[in-house]
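Structural description and commentary
Given next are the chains, with one letter for each unit.
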Amino acid sequence: MEKEKQKEAKLKRVFLQKKYNLLTTVLVAFCVALLSGGGIFWLMDRQVKGLESANQAMGKINTVYNALYYNYYKDVSQQKLVDGALNGMVEALGDPFTEYMNATESQELNDSISGSFGGIGAQVQKSGSEIKIMSPISGTPAAKAGLKANDVIVKIDGKSTKDYTLNKAVSLMRGKVGTKVSVTIKRNGTTFTKTLTRAKIPVKTVEGKLATEDKQIGYIQVTSFSENTAKEFKQTVQSLRKKGAKSFIIDVRNNPGGLMDQALAMSSMFVENGKPILQVVGRDGKPTIYKASNELDEGFKVKEKAIVLINGGSASASEIFAAALKQSGNNVTLIGTKSYGKGTVQNTLPFKDKTELKLTIAKWLTPDGTWIHKKGIKPDVKADYPDVAYLTAIDTAKTYQEGQNSKQIKNLQQMLVFLGYDLDEKSGYFNEQTKQAIEKYQTDNGLTVNGTADKSTIESIETKVAQKVTESDNAYKKAVEKLSE
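Residues numbered from 1 in each chain as written. Predicted model: local features only at pLDDT ≥ 70, side-chain atom pairs only at ≥ 80, totals over all residues. Heavy atoms only, no water.

Let us look at the packing of helix H8 (residues 260-268) against helix H10 (residues 317-328). Look at H8 against H10: their axes get within 9 Å of each other, and the N-to-C directions meet at 20 degrees. As the angle between them shows, H8 and H10 are arranged roughly parallel. Here the hand of the crossing between H8 and H10 comes out right-handed. Where H8 approaches H10, its residues Met260, Ala263, Met266 and Ser267 are matched on the opposing element by Ala317, Ile320, Phe321, Ala324 and Leu325. (Axes fitted to C-alpha atoms, helices over the stretch in contact; angles between N-to-C directions. Helix = DSSP H or I, 4+ residues; strand = E, 2+ residues; numbered from the N terminus. Parallel < 35°, antiparallel > 145°, perpendicular 65-115°, else oblique. Left-handed = near helix turned anticlockwise from the far one by under 90°. Contact = heavy atoms within 4.5 Å.)

This part covers H8. Counting buried residues in H8 gives seven out of nine residues, a clear majority hidden from the surface. Those residues of H8 lying buried are Gln262, Ala263, Leu264, Ala265, Met266, Ser267 and Ser268. For H8, the secondary structure elements touched by its buried residues are strand S11 (217-222), helix H7 (229-242), strand S13 (276-281), strand S14 (287-291), helix H9 (294-297) and H10. (Buried < 20%, exposed > 50% of the residue type's maximum accessible area, 1.4 Å probe, protein only.)

In this section: the packing of aromatic side chains. What the rule picks out here adds up to eight aromatic pairs. Aromatic side chains tyrosine 69 and tyrosine 70 sit 5.1 Å apart centroid to centroid with 80 degrees between the ring planes, which places their arrangement in the edge-to-face category. On the accessibility criterion, tyrosine 70 (17% relative accessible area) is buried. With a centroid separation of 5.5 Å and an interplanar angle of 85 degrees, the aromatic rings of tyrosine 219 and tyrosine 476 are classed as edge-to-face. Taken as a pair, tyrosine 219 in strand S11 and tyrosine 476 in helix H14 (residues 474-484) lie far apart in primary sequence, 257 residues in all. Tyrosine 476 matches tyrosine 219 in its accessibility class, with the two residues each being buried. Each member of the aromatic cluster is reached from another via a ring pair, and the members are Phe225, Phe233, Phe270 and Phe321. The ring of tyrosine 390 carries lysine 148 above its face, with NZ or CZ at 5.4 Å from the centroid. (Phe/Tyr/Trp six-rings, centres within 6.5 Å; stacked < 30°, edge-to-face > 60°. Lys NZ or Arg CZ within 6 Å of the ring centre and 35° of its normal.)

As a further point, take the side chain of threonine 452. Locating threonine 452 in the fold gives a position in the loop between helix H12 (432-444) and helix H13 (455-471). Dropping the residues within four chain positions of it, threonine 452 is found in contact with Thr399, Tyr400, Gln401, Ile438, Gln442 and Thr457.

Throughout the structure, instances matching the rule amount to 11 salt bridges. Linking lysine 194 and glutamate 462 is a salt bridge whose minimum nitrogen-to-oxygen distance equals 2.2 Å. Of this pair, lysine 194 sits in strand S8 (residues 190-197) while glutamate 462 sits in helix H13; the two residues are 268 residues apart in sequence, bridging distant segments of the chain. The exposure class of glutamate 462 is buried, given its relative accessible area of 14%. Measuring nitrogen to oxygen at the nearest pair gives 2.9 Å for the salt bridge that ties aspartate 251 to arginine 253. (Salt bridge = Lys/Arg side-chain N within 4 Å of Asp/Glu carboxyl O.)

Shown next, in the form of structure tokens:
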């Protein structure tokens, strides 16, 4: 009883203190208005009302916090309540790109921008109650396993992600290089599980080489926009020029974006000084227009003919770059498929305890004022990988054998046909012909010949398909053809 009385007394002191604070605020504001003259009284009155409203809201939050902390039937962590309140405010916005990050999550974000880390290599977002892949980063475990943009991660290591925050999902997928993590994916109504080995996500964001088909074409892949991307890009262009490149293919497919200043710097390299690159519009509705300049690109220009490759995994800064070159660049063509469609700008507010608030502060528009959010950018020339590239990955937790019938088996049959194995049956029924095709595949690739699609057989087939798909890159082929004309 004595303890409960002490708690009640403490709550009353808190309430009285809040009332005193509010009264003091009102009196001070009123005195300032009188001393300054009646001309600003209305403005000050409006501010007082705003302060009063804010104090009332914060007072209510404080009351709920104290009620829960002191009166809930069991002990509650202060940090849990604080984090819950902060996350609740953020989630109320319904914006998947605004989030409160704890110290670990903040460090992970900073690592992705400036350092390296162990993970699967997939950019993800919170969409409603779902954890959705925005884009797998090329060359990472996620990309090699066939994960795609818009795949939904329903489980991590067998546990449902339904109630996970975005940051919790990310932290669970990251970890020590060489360790394993399983993700269960939902795609087009079908679910499958992949076990991935975490790898070092590359710090270097730009790679370049001469096209094997034409040594006068430089191929440059940009995997993300991090702190040194523009510098790396400039160095890559200079290197390829020395090797004989007269034109360039810039590949930002499956590039989830990153830092806006890097996208601006790279875009400016392809755009005549004074021409618009980007418009940023805040809550006041007034656009800030960024134009190509020596200040952005340090006087370095790429005037050679160029083609940019985009797809559904090209998002954010990738789209800024593609749109700028499409609308303001010279001799630049977009080839591929429609981009992701992320047209908002985020900034971070750091706190002393190493947590951060990442919040959407503006939307960005293309040079001509178009907002591509949730719409994406359409390429000038549509070209894509073969249809087999978009088949649902096969669940390796199961073994498939003669007499069974499923969508997974149908995908397996289509993969075998793509690899050149003779199959009339592609409906999903595992018949004798399917068994024979698998036995032949197992024989050809040094696997145990048992006529069933077990884990090792499925993984081998998917690896072969991925290799052949890469060789059947129609967007890249179109780009080479166009630059070789």
